[in-house]
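Examining the three-dimensional arrangement
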Amino acid sequence: MIAIAVFVGSMGEYFLEHKIIEERRDDGLALMLRILEADRKNIDEIVGHCDRGIAHLDRSKMSAFRYKKNKISRDEYFRLLADDIDNRYSYRTLFLDRTAFNSMSSVGLVSLIESPELKIAISNYYEVLGRRLDDNNKLVDTEARQYYYESFLLKNTTDDPMVEIPGKLAIRFDASFYLSLPIVIEKTTSDRFITDTDNLLIRVVDYRSLLRTIRAQNEKVERLIRQHLES
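Remember, it's a predicted structure, so these values are computed and weren't measured experimentally. (Residues numbered from 1 in each chain as written. Predicted model: local features only at pLDDT ≥ 70, side-chain atom pairs only at ≥ 80, totals over all residues. Heavy atoms only, no water.)

With that settled, the discussion passes to the environment of L33. Considering the arrangement of structural elements, one finds L33 in helix 1 (residues 2-68). Note: C-alpha distance between L33 and N218 (185 residues apart in sequence) is 9.5 Å. (Helix = DSSP H or I, 4+ residues; strand = E, 2+ residues; numbered from the N terminus.)

By secondary structure assignment, the location of D84 is in the loop between helix 2 (74-83) and helix 3 (99-106). Here D84 falls in the buried class, since its relative accessible area comes to 12%. Setting aside its immediate chain neighbours within four residues, D84 contacts H56 and R59. (Buried < 20%, exposed > 50% of the residue type's maximum accessible area, 1.4 Å probe, protein only. Contact = heavy atoms within 4.5 Å.)

This next bit is on the packing of aromatic side chains. The geometry of two aromatic rings is summed up by the distance between their centres and the angle between their planes. Within the structure shown, the criterion is met by twelve aromatic pairs. An angle of 45 degrees between the planes, with centres 6.0 Å apart, marks the rings of Y89 and Y91 as tilted. A single burial state applies to Y89 and to Y91, both of which are buried. Each ring, one from Y125 and one from Y126, has its centre 4.8 Å from the other, and the planes form 90 degrees; the classification is edge-to-face. With a relative accessible area of 0%, Y125 lands in the buried category. (Phe/Tyr/Trp six-rings, centres within 6.5 Å; stacked < 30°, edge-to-face > 60°.)

Right, let's get into the nonpolar core. Residues M32, Y89, I122, Y148, F152 and L211 are the most contacted members of the largest nonpolar core, which totals 58 residues. Within the residue set of this core, elements represented by two or more residues are helix 1, helix 2, helix 3, helix 4 (116-151), helix 5 (175-180), helix 6 (182-188) and helix 7 (191-230). Top contributing element to this core by residue count: helix 1, with 13 residues. In contact with I122, other than residues within four places in its own chain, are L29, M32, F101, I113 and V221. (Core = buried A, V, L, I, M, F, W, Y, C linked by side-chain atoms within 4.5 Å.)

Let us now look at helix 3. What helix 3 keeps buried is the set A100, F101 and M104. Projection of helix 3 onto a plane perpendicular to its axis shows the buried side chains occupying an angular sector of 100 degrees, all on one side. Residue G108 follows helix 3 closely and has a positive phi angle near 80 degrees. (Arc of directions from axis to C-beta.)

All right, on to the pattern of salt bridges then. All told, the structure shown has 15 salt bridges when counted by the stated rule. Between K61 and D198 there is a salt bridge whose closest N-O contact spans 3.0 Å. Residue K61 is found in helix 1, and its partner D198 is found in helix 7; the two are separated by 137 residues along the sequence. Across the pair K68 and D191 runs a salt bridge whose closest N-O atoms are separated by 3.1 Å. With a gap of 123 residues between them, K68 in helix 1 and D191 in helix 7 connect regions that are remote in the sequence. (Salt bridge = Lys/Arg side-chain N within 4 Å of Asp/Glu carboxyl O.)

Mapped onto the elements, L29 comes out in helix 1. On a C-alpha basis, the gap between L29 and A100 in space is 7.5 Å, while along the polypeptide they are 71 residues apart. Those residues in contact with L29, other than ones at most four positions away along the chain, are M104, I113, L118, I122, I225, H228 and L229.

Keep in mind these values describe shape, not function.
The following block contains the structure:
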């Protein structure tokens, strides 16, 4: 009788501990759901930046091409650039919030997810696509900065978030002034301006495509988590 009581007590303790672990796992997945929703909002906002940037870069390239082909005058060319300057590519990169995934992984809760499809989907989202995203973030940052510092000279300390200077937010970017500078005229009328613009355009198109792939995987992970929590 004592042995049976000990066995029953051990089994009860085992199932209670297992239940607690399952609850912790599901709490982690519920947190992941909220984070996935926030990720989607960020993705949609950055895709919007990409859409506007792609349109602007394409217009800039075509204006430069028309100028080179003598289809428009230099004055008309710079007027087009000046009129469109506020629509320039405002490059932002996406960073996935890995809080829930890292927390669950550190205590082995991801391995306790029963659905192989859900485990694979989560791993693909945070690890496979996450690594691709990190690599592409570096490429976009590098190429966009290089373009706006060297090819289309629109970056300076007044609008660079990496540079802190007192009162800089009160200084308005003066496109007409910049476009009248000899060095800017030289850069924007060179043959390289067209190829540099096209290279950044291709990079942003590729980045937007990756963001759309990540968003689709985000929706898949969310759907599978909801199915798991509702079962």
